[in-house]
Amino acid sequence: MAIARPGSSLASIAEALGVSVATVSNALSGKGRVSPELIERVRSKAMELGYVPSQAGRALRTGRTGVLGLVLPDIANPLFPQIAQAIDFAASEAGYGVLIADSRGDVAMQTEAINRLIERGVDGIVIVPRRGTRIADVGCPIAVIDSPSTPGNTVSADHWQGGQILVDHLAALGHRRFLLIGNNPASIVQNDRIGGMKSRVPAGGSAEVIWIEKLEERNGKGCMLGLADMVASGVTAIASVSDLHALRALTELQRAGVKVPEDVSVAGFDDLVWSSVVTPSLTSIRMDMATIADIAVGALARAILGEPTTASSLDTMNGSVVSADIKKVPMQLVMRQTTAPVEERVASSPPPEGEHR
């Protein structure tokens, strides 16, 4: 049995077969006049010897490195590793590797991260921008994943529709008094989610919005949100723009002795990895990240190859940002234990003094 030798060269393959290095190169690249039989022999010998094509040599021949950059706004947020995994899988399927950079929620660091990736010769970049920031023309194709409301967005989840199906779910359970929790009012994604929620509040219902960052500016980081008082005043459903903030709501309510979902329903967004294992498990809205990644990487790859298709052409209004036929991907409701009908909430409450059931 032949032993594979990683790092074998074209010359070693040529020597083993008694042909020229140029013939081996042409056979592996599909160029020149090489018979199908010889191509098969060359490829078989290359596999036997453990030949791995040189990325550096390929870059010299094609001007491309076969590497994409990915810029995320906050790797510490558990949502973004999930996005990175989806992008890496889609890129691998398209024949690309991925270099990841973290902008740490800062516009200047986002620009620096983009520049570092360009210096490393990436063929294109996928960017999840910091709170809807516009991406300047940087000289290589860029796919932006943010929100359909973001200027220059390539593709993203339909965050407005996600907000709508969340409140539709709660309204179908009989809820009419809603508390909507956002984190930062400057975020386009969060505003779209809140806007979609508010657009589906039933006639005669009401929705109050609180923004965590505004509360924390006044009362300090990690302050109480006052949720128990809001439940006492009649709120029966709390919907958050993120599972992270929904978990904060769950924790605060449980510490105050408020039962979920018996006293109030709670739901979030993004279906983070732990949302199904907390107690009670969290109802959430899930992004179809695999489809979003496929669309973004596909549009980017076609633009890199210079294919003259409308779907992957550069958006002339946004410099190097690529466009795609599908701009927004529907979100999906994942129902779990933190949402329940209002009737269950009423049935589980103790009767008023003097009243018997």
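We now turn to the structure provided with this report. Note that the coordinates shown come from a computational prediction; the quantities given were computed from them, not determined experimentally.

Right, let's get into the nonpolar core. In terms of nonpolar packing, the biggest core is built from 74 residues, with Ile83, Ile181, Leu227, Ile238 and Leu253 touching the most fellow members. Among the elements that take part in this core, helix α12 (residues 289–305) stands out by supplying eleven residues, more than any other. The next biggest cluster of nonpolar side chains, apart from the first, holds 13 residues, and it includes Ile114, Ile135, Cys140 and Ile142.

Here we have six strands laid out as an open sheet, ordered β7-β6-β8-β9-β10-β12, and mixed in their pairing. Each edge of the open sheet is held by one strand with a lone partner, namely β7 (206–211) and β12 (332–334). For this sheet the average axis-to-axis angle between neighbouring strands, irrespective of direction, equals 20 degrees. Relative to strand β9 (residues 265–269), strand β8 (residues 237–240) is paired through three bridges, and the arrangement is parallel. Counterpart to Ile238 in the pairing with β9 is Val266.

Glancing now at the packing of helix α5 (residues 79–93) against α12. One way to put it is that α5 packs onto α12 with a least axis distance of 8 Å and a crossing angle of 50 degrees. Regarding the angle of α5 to α12, the classification is oblique. In this structure, α5 crosses over α12, and the sense of that crossing is right-handed. From α5, Gln82, Ile83, Ala86, Ile87, Ala90 and Ala91 reach across to α12, where they touch Met289, Ala290, Ala293, Asp294 and Val297. When its residues are assigned to classes, the contact of α5 with α12 shows nine nonpolar, one polar and one charged.

Moving on, we come to the side chain of Asn184. Among the structural elements, Asn184 can be located in the loop between β6 (177–182) and α8 (188–199). A relative accessible area of 6% places Asn184 in the buried class. Within the structure, the side chain of Asn184 is placed 2.4 Å from the side chain of Glu213, a separation counted as a polar contact.

On to the pairing of strand β2 (residues 97–102). Here strand β1 (residues 67–72) runs beside β2; their pairing, made up of six bridges, is parallel. Bridge assignment links Leu70 to a residue of β2, and that residue is Ile100. The parallel pair β1 and β2, bridged by α5, forms a crossover whose chirality is right-handed.

In an α-helix, one turn spans 3.6 residues; hence positions three or four apart end up facing the same way. Along helix α9 (residues 212–219), the residues that are buried comprise Ile212, Leu215 and Glu216. When α9 is viewed along its axis, its buried side chains cluster within an angular range of 95 degrees and face the same direction. Those residues of α9 that are exposed and angled more than 90 degrees off the buried face are Glu217 and Arg218. In the core, the buried residues of α9 are packed alongside β6, β7 and α11 (243–255).

Moving on to helix α1 (residues 10–17). When α1 is considered as a whole, its buried residues turn out to be Ile13, Ala14 and Leu17. Down the axis of α1, the smallest arc covering the buried residues is 100 degrees, so these residues share one side. Directly after α1, the chain includes Gly18, whose backbone phi takes a positive value near 70 degrees.

Further remarks concern the pairing of β8. Here β8 shows no split at all, with Ala237 and Ala239 on one side and Ile238 and Ser240 on the other all buried. Here four bridges tie β6 to β8, and the two strands are oriented parallel to one another. Looking at β8, one finds that Ile181 is bridged to Ser240. Of the crossover connections in this fold, the one passing from β8 over α11 to the parallel β9 is right-handed.

One pass over the structure, following the stated rule, counts eight salt bridges. One salt bridge in this structure joins Glu48 and Lys45, with 3.2 Å as the shortest N-O distance. Note that Glu48 and Lys45 are positioned in helix α3 (residues 36–48) at a spacing of three residues, about one turn of the helix. Put simply, Arg200 and Asp168 hold a salt bridge, and the shortest N to O gap is 3.0 Å. With Arg200 in the loop between α8 and β7 and Asp168 in helix α7 (residues 159–172), this pair connects stretches of sequence that are 32 residues apart. The exposure class of Arg200 is partly exposed, given its relative accessible area of 35%. Each of Glu216, Lys221 and Arg248 takes part in a single network of salt bridges with overlapping partners.

How each quantity is defined
- Residues numbered from 1 in each chain as written.
- Predicted model: local features only at pLDDT ≥ 70, side-chain atom pairs only at ≥ 80, totals over all residues.
- Heavy atoms only, no water.
- Core = buried A, V, L, I, M, F, W, Y, C linked by side-chain atoms within 4.5 Å.
- Buried < 20%, exposed > 50% of the residue type's maximum accessible area, 1.4 Å probe, protein only.
- Helix = DSSP H or I, 4+ residues; strand = E, 2+ residues; numbered from the N terminus.
- Pairing = 2+ DSSP bridges.
- Axes fitted to C-alpha atoms, helices over the stretch in contact; angles between N-to-C directions.
- Parallel < 35°, antiparallel > 145°, perpendicular 65-115°, else oblique.
- Left-handed = near helix turned anticlockwise from the far one by under 90°.
- Contact = heavy atoms within 4.5 Å.
- Nonpolar A, V, L, I, M, F, W, Y, C, P; charged D, E, K, R; others polar.
- Polar contact = N/O pair within 3.5 Å; in protein donor to acceptor, adjacent residues only side chain to side chain.
- Right-handed = clockwise from strand over helix to strand, strands pointing away.
- Arc of directions from axis to C-beta.
- Salt bridge = Lys/Arg side-chain N within 4 Å of Asp/Glu carboxyl O.

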